[in-house]
Amino acid sequence: MQSPENRYDAIVIGAGMSGGYAAKELCDKGLKTLLLERGRNVEHIKDYPTTNLQPWELPHRGQLTHEERTENPIASRCYAFREDAKHFFVKDKEHPYIQESPFDWLRGYQVGGKSIMWARQVQRWSDFDFEGPARDGFAVDWPIRYRDLADWYTHVEGFVGVSGNKDGLDTLPDGDFLKAWPLNCVEEYFQQFVKENYDDRHVVYARCAHLTESRPIFQKQGRGLCQSRHICQRGCPYGGYFNANSTLIPWALNTGNLTLRPHSVAHSVIYDEELGKATGVRVVDANTKEVTEYFANVIFVNGSTLNTNLILLNSKSDRFPNGLGNDNGLMGKYIAFHNYRARISGVHEGHPSFKDEGRRPTSAYFPRFRNVYRQETDFLRGYAAGFGAGPIRPVDSEGFGATLYENLMSTSTNGAWRVGSHMMGETIPKEENRVWLDNEATDDWGVPLLHVKVDYDDNDE
Amino acid sequence: MKRREALQNLVAVTATLMYVPSCTVEEAIPSYSNLPISNEEYRLVKHVVEAMLPNKPKSKPESTEDIPVITTPESSHDFVLTMINDAYSPLQIGRYARGLRLFHQFVQDEYKQRFAQLNEFQHILLFTEMTESEAFPKSLQFFLEETKRLAVRHFTSSEYFLTQKMEWEFIPGRYVGCVSI
């Protein structure tokens, strides 16, 4: 039953990265917007409990307890699931799902979602990414090209703040960047080596969503400059990096058009058979389990990739028995992800009289160089890579007593540098990588459990 | 070998060892829910950690250098025991507790004294011998190795060590990529 207090101009499901942005844009346009979030509120600064803890103030120095590790085998797969940020991660037992094949579904169910813990790397797609499927025939052609998004990249980057260099590469379009931190001597050495030996491979500064300069828009947002603490996953008291909590929610609230409703689990989108339109959202209160319906002419589903599929698949009606808009049966299929499996590391001894100073929340980046201009290898698509170096300060823990004390106190840089790189590979969208709803099992809020069947394939190998 | 026999006896005895009650007035010790230890065992761990890794240098009367002051939110032995209790598996905790008791018993048998009554030289000798020789039970070695590992972690995560030895700053506010050493 519709009542004035349940009626809005727009409803957004999910107060994370994209939901927060949708709500901000809708509020800016004057629409009374209801922003639903299944988890608790996380207010900028106020709800970052660990952000100012020194390393020695963490009782386990960053390590998880045995119980936390063994009770959360899935969340433990994430590098950021540690003592200082564990409270932002979904615990395995609280939100089960069915792994048809092993799949680490990492989630952050709170206002801000995973925008609190994300790695803040923001590289633009190029036309090579949009043209690839048509050229190589592995998927349906993108209906858009880079030029259709270019202004929107600029629009968003201008609001969130992106630090980078204008590198002039056709594989990695530039934006209107804030200044970059420097690469260190070893990274620059490597960059130069690559430049001298390869025409089509480049090492560049990895563009990241951090404020390195002040601009009026950031001052208006109430954000300060990044201080290079590099503990972003805890939330930042300076608003130094972009997350929904610091940048989007307060802005939307200031318009006077936002109603933020945490503890609101979206069960399904309501479809009116007579009007032939989606008209609202069915919400289960996370605490009381009470069901409430909210109505709006505009509904955005921003529940993260898999949950958005889940909600739409669960939005069944006579018109759409297989989920809202799912006439072609494609919903929940063609899940693509990133192949993060390859890592290399080593020791570089060539710059013994140098070290670095301070810290940075980013490092260096190799834009994709395989199969860019033509298909060249026996695998389709390619991979980008992160790259970074840092001086080694070995700790000598030989001996006992005074000897051990003296050995530890002799720690200093030894002239060697550690170097590492990790691959970010593109996967081919395939129909068999899919999610679907269980017919019977539901979670504590009556929402069907999700089956996830997503695998690596020969191309990934 | 006499020591080997003593060790074998020790293992047999310790297998049925109960907690050794202490006669002295006891200050309250922290409670470790997964690692129940007696007050005496707690104090033994304290003395072992202090002997293994003192938090100040050997005093040199002729030296005029400032002695580094290493302060931490908790004592090193409390950190060691908290980590064993919280971050180790039940199997590892059992091993550690067995090793602790074996250590206590061995020192009693060998020196007829408590560990705290021995001198620095004897402490170092004990640690070195026990961790290097295969004649000693694995759980005893585990007790010593993990105690050392955690004592070192506590030391190297202290404010003094991080800021003075690792040149670490909480709020650097900058990155300089190339600095001559």
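Per the stated rule, a full pass over the model turns up 35 salt bridges over all chains. Two residues, K24(A) and D28(A), come together in a salt bridge whose shortest N-O distance is 2.7 Å. You can see K24(A) and its partner D28(A) sitting in helix α1 (residues 17-28), 4 residues apart, about one turn around the helix. On the basis of relative accessibility, which here comes to 35%, the residue D28(A) falls in the partly exposed class. Notably, a salt bridge pairs R393(A) with E167(B), separated by 2.8 Å at the nearest N-O pair.

All names here are of chain A. For the structure on display, the rule yields 1 disulfide over all chains. As a non-bridged cysteine, C78 has C232 as the owner of its nearest cysteine sulfur, 13 Å distant. Cysteine C208 shares no disulfide, and the gap to the nearest cysteine sulfur, in C226, comes to 7.6 Å.

Moving on to the pairing of strand β7 (residues 277-285) of chain A. Residue and element names in this part refer to chain A. Where strand β6 (residues 264-272) and β7 come together, 8 bridges link them in antiparallel fashion. Note on β7: the bridge partner recorded for D272 is K277. If you look at the hairpin formed by β6 and β7, you'll find 4 residues sitting between the two strands, and G276 has a positive phi there, around 70 degrees.

Now for the interface of chain B and chain A. In this assembly, 54 residues from chain B lie in contact with 50 residues from chain A. In total, chain B and chain A occlude about 4,500 Å² of area from one another, counting both sides; carbon and sulfur atoms represent 63% of this. If you sort the residues of chain B by the area they bury against chain A, F170(B), Y175(B) and I181(B) come out on top, with a joint share of 19%. At the boundary of chain B with chain A, the tally comes to 4 salt bridges.

Glancing now at the confidence of the model for chain B. Parts of the model with low pLDDT should not have their predicted coordinates read in detail. All names here are of chain B. Confidence in the prediction of chain B, expressed as mean pLDDT, is 88, and 83% of residues score 70 or more. Confidence over residues 17-23 falls short of pLDDT 50; this stretch has 11 contacts with residues more than four positions distant or in other chains. The ipTM assigned to the predicted complex is 0.92, against a pTM of 0.92.

A few words now on the sheet that holds strand β9 (residues 298-301) of chain A. Residues and elements named next belong to chain A. Pairing is parallel in the open sheet, where 4 strands are placed in the order β5-β2-β1-β9. Each end of this open sheet is capped by a strand with a single partner; those strands are β5 (258-261) and β9. The mean angle between the axes of side-by-side strands here comes to 15 degrees, regardless of whether they run parallel or antiparallel. Note that strand β2 (residues 33-36) and β5 share 4 bridges and pair parallel. Bridging from a neighbouring strand, L36 pairs with R261 of β5.

By the definition in use, this model includes 29 aromatic pairs over all chains. Note on Y271(A) and F320(A): the rings are 5.2 Å apart at their centroids and 75 degrees apart in plane angle, and the pair reads as edge-to-face. Within this pair, whereas Y271(A) is found in strand β6, its partner F320(A) is found in the loop between α8 (305-313) and β10 (338-339), the two being separated by 49 residues in sequence. On the basis of relative accessibility, which here comes to 17%, the residue Y271(A) falls in the buried class. Ring plane angle 70 degrees and centroid distance 5.4 Å describe the contact between F337(A) and Y456(A), whose orientation is recorded as edge-to-face. Taken together, the residues span a long stretch of sequence, with F337(A) in the loop between α8 and β10 and Y456(A) in the segment after β17 (448-453) at a distance of 119 residues. Among the aromatic residues, ring-to-ring pairing joins F190(A), F366(A), F369(A), F379(A), Y383(A) and F387(A) into one connected group. The ring of F142(B) has R95(B) sitting right over it, with the charged end atom 4.8 Å from the ring centre.

About the criteria used
- Residues numbered from 1 in each chain as written.
- Chains lettered and ligands numbered in written order.
- Predicted model: local features only at pLDDT ≥ 70, side-chain atom pairs only at ≥ 80, totals over all residues.
- Heavy atoms only, no water.
- Salt bridge = Lys/Arg side-chain N within 4 Å of Asp/Glu carboxyl O.
- Helix = DSSP H or I, 4+ residues; strand = E, 2+ residues; numbered from the N terminus.
- Buried < 20%, exposed > 50% of the residue type's maximum accessible area, 1.4 Å probe, protein only.
- Disulfide = S-S within 2.5 Å.
- Pairing = 2+ DSSP bridges.
- Contact = heavy atoms within 4.5 Å.
- Buried area = accessible area lost by both parts, 1.4 Å probe.
- pLDDT = per-residue confidence, 0-100.
- Axes fitted to C-alpha atoms, helices over the stretch in contact; angles between N-to-C directions.
- Phe/Tyr/Trp six-rings, centres within 6.5 Å; stacked < 30°, edge-to-face > 60°.
- Lys NZ or Arg CZ within 6 Å of the ring centre and 35° of its normal.

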